[in-house]
Amino acid sequence: MSKALEGIRILDFTHVQSGPTCTQLLAWFGADVIKVERAGEGDATRAQLRDIPGVDSLYFTMLNHNKRSITLDAKRPAGKEVLETLIRDCDVLVENFAPGALDRMGFSWERIQALNPRMVVASVKGFGPGPYEHCKVYENVAQCTGGAASTTGFSDGPPVVTGAQIGDSGSGLHLALGIVTALFQRTTSGRGQRVQTAMQDAVLNLCRVKLRDQQRLERTGVMEEYPQFGMGEEFGSAVPRAGNASGGGQPGSILRCKGWETDPNAYIYFIAQAAVWPAICQVIGHEGWITHPDFATPRARLPHLIDVFSRIEEWTRLHTKFEVMAILNQHDIPCGPILSMKEIADDPSLRATGAIVEVAHPERGSYLTVGNPIKLSDSPTDVRRSPLLGEHTEEVLGQLGYSAEQIAALRAERAI
Ligand code: CAO
């Protein structure tokens, strides 16, 4: 079966996580992704958080599937010439160097356009234009500056960063959408364009509901679904941390289940959805709340959410999280067990759908990775292992028209 992005060639100048997330997605959709790395060390993540000495780390392998790797020193004159050939030959250049690095290499937007006016040039940077545009940025910096950290955690504790890589992988996802959109526009305009994603902006986009809440707070001085309201706490001038309260219009909370004393993940997320309130009351054996004036309507319940969830928790503590889920599902009550990474890795249904995939690697043996979460019916994804450093240098240069002698000369000059 053909692939959606077959025929699109990507010059992948990305490293660490944000850029590689983006190009991995494009590779999964069938683009020919040529990852350009410096000889010797390559992408720094190859050697970071290693679990097997001398072998590409899971950090690297899990972000670079389905790509080809070439080594190239883009600062040497002969290396620059190869890069120019690649720019002429490819449809998209993706990079997430520190601000200004590509220009310092001699490949400004204007120069790339002159070499290939059809090229889409896509970049991730930490910040957009403004006071911080020159800063280097990693995941948690973006989480902190994009509004995630100040709104995550409990009101009596410090800001908290989340394990979900919303700064890096979140930016990569945004960038990938920008690239395919630019490629689509190219079909009519005939021109490439710049695609830029700032990590701060990507995190802020994912924190949109908190900017909503900021404006609600400024208008009304209170947010009744936040735990602070039920606890009688004063609201300040900025959106506070909401603990595990739901971010939407239906109240929710994380509740202890049987075994919580010893299992750190014996919890369930419980949503007290208005539509199933009578069923909730019946399940927990508190039918009186169905008609009680303090509990009968969503509005009446708001000041009593702490009572509501502690009463529900008395019931959830009697059952394991999976038993709770099975019972609640019978009544259409929305809930979700807190799954550990071990439970997720072992989940047969996630293996069956390809959400978790086992991949064979010549040096590390087999390992688990996350498959493509976006399923296209006409473009299925086969997850193939990440390339070894420079594994495809000869192959790619050969396709570009370099002879074996020229390749040997480039090697002697340490350009590749
Ligand atoms: N040939 C020649 N030079 C190369 C090269 C190649 N193939 N690949 C990289 N380089 C050079 C760059 O040109 C740069 O040189 P100069 O500093 O002289 O311009 C140098 O390697 C270092 O690149 P860098 O500054 O991007 O790398 P770093 O490790 O110092 O910083 C990071 C890493 C991620 C902080 C920075 O790249 C950055 O802020 N990127 C944008 C934001 C981003 O994507 N962050 C996500 C990171 S994941 O948490």
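Data block above holds the structure.
Residues numbered from 1 in each chain as written. Predicted model: local features only at pLDDT ≥ 70, side-chain atom pairs only at ≥ 80, totals over all residues. Heavy atoms only, no water.

**Student:** How should the layout of surface pockets be read in this particular structure?
**Tutor:** Which parts of space are left empty comes out when a probe the size of a water molecule is rolled across the atoms. In this structure, the largest pocket occupies an estimated 800 Å³ of space. Lining the largest pocket are 27 residues; nearest its centre among them are Met62, Ser169, Thr369, Val370 and Gly371. Those elements that place two or more of their residues in the lining of the largest pocket are helix 1 (18-28), helix 2 (58-61), helix 7 (168-189), helix 15 (341-346) and strand 11 (365-370). Sorting elements by how many residues they give to the lining of the largest pocket places helix 1 first, with four residues. Of the residues contributing to the lining of the largest pocket, the split by class is 16 nonpolar, ten polar and one charged. (1 Å grid on protein atoms, 1.4 Å probe; cavity = no way out; pocket = protein on both sides within 12 Å on 5 of 7 lines; lining within 4 Å. Points joined across faces, edges and corners; volume = space filled by probe spheres on them. Helix = DSSP H or I, 4+ residues; strand = E, 2+ residues; numbered from the N terminus. Nonpolar A, V, L, I, M, F, W, Y, C, P; charged D, E, K, R; others polar.)

**Student:** Please clarify how the sheet that holds strand 3 (residues 67-71) should be interpreted in this entry.
**Tutor:** Taken together, the six strands give an open sheet; going across it, the order is 3-2-1-4-5-6, and neighbouring strands pair in parallel fashion. Bordering the open sheet on either side are strand 3 and strand 6 (194-198), each of which pairs with just one other strand. When the angles between neighbouring strand axes are averaged without regard to direction, this sheet yields 20°. Direction of pairing for strand 5 (residues 120-125) relative to strand 6: parallel, over a ladder of five bridges. The residue of strand 6 that forms the bridge with Val124 is Thr197. (Pairing = 2+ DSSP bridges. Axes fitted to C-alpha atoms, helices over the stretch in contact; angles between N-to-C directions.)

**Student:** Just to check I follow, could you spell out a nonpolar patch on the surface for this structure?
**Tutor:** A contiguous nonpolar patch, built from Leu173, Ile374 and Leu376 and spanning about 230 Å² of accessible area, is present on the exposed surface. As for its position among the elements, Leu173 is in helix 7. (Patch = residues over 30% accessible without salt bridge, like charges linked within 9 Å, V, L, I, M, F, W, Y side chains within 5 Å. Areas by Shrake-Rupley, 256 points an atom, 1.4 Å probe, with all protein chains shown as cover. Salt bridge = Lys/Arg side-chain N within 4 Å of Asp/Glu carboxyl O.)

**Student:** What is the right way to look at the site of the ligand in this model?
**Tutor:** Close contacts around the ligand come from 25 residues, with Lys75, Ala98, Lys136, Val137 and Asp168 the closest. A distance of 2.9 Å separates a nitrogen atom of the ligand from a polar backbone atom of Leu72. Asp168 is positioned such that a nitrogen or oxygen atom in its side chain is 2.6 Å from an oxygen atom of the ligand. Its free accessible area being 950 Å², the ligand has 84% of it covered by the protein chains. In terms of residue class, the shell around the ligand is built from twelve nonpolar, five polar and eight charged. (Near = heavy atom within 4 Å. Polar contact = N/O pair within 3.5 Å; in protein donor to acceptor, adjacent residues only side chain to side chain.)

**Student:** Is there a simple way to explain the packing of helix 1 against helix 7 in this structure?
**Tutor:** Helix-helix packing is described using two parameters, namely the angle between the two axes and the distance between the axes. Running from N to C, helix 1 and helix 7 cross one another at 45°; their axes reach a closest spacing of 7 Å. What the angle tells us is that helix 1 and helix 7 run oblique. Between helix 1 and helix 7 the crossing geometry is right-handed. Contacts from Ser18, Thr21, Cys22, Leu25 and Leu26 in helix 1 reach Asp168, Ser169, Ser171, Gly172, Leu173, Leu175, Ala176, Ile179 and Val180 in helix 7. Partitioning the contact of helix 1 with helix 7 into residue classes produces eight nonpolar, five polar and one charged. (Parallel < 35°, antiparallel > 145°, perpendicular 65-115°, else oblique. Left-handed = near helix turned anticlockwise from the far one by under 90°. Contact = heavy atoms within 4.5 Å.)

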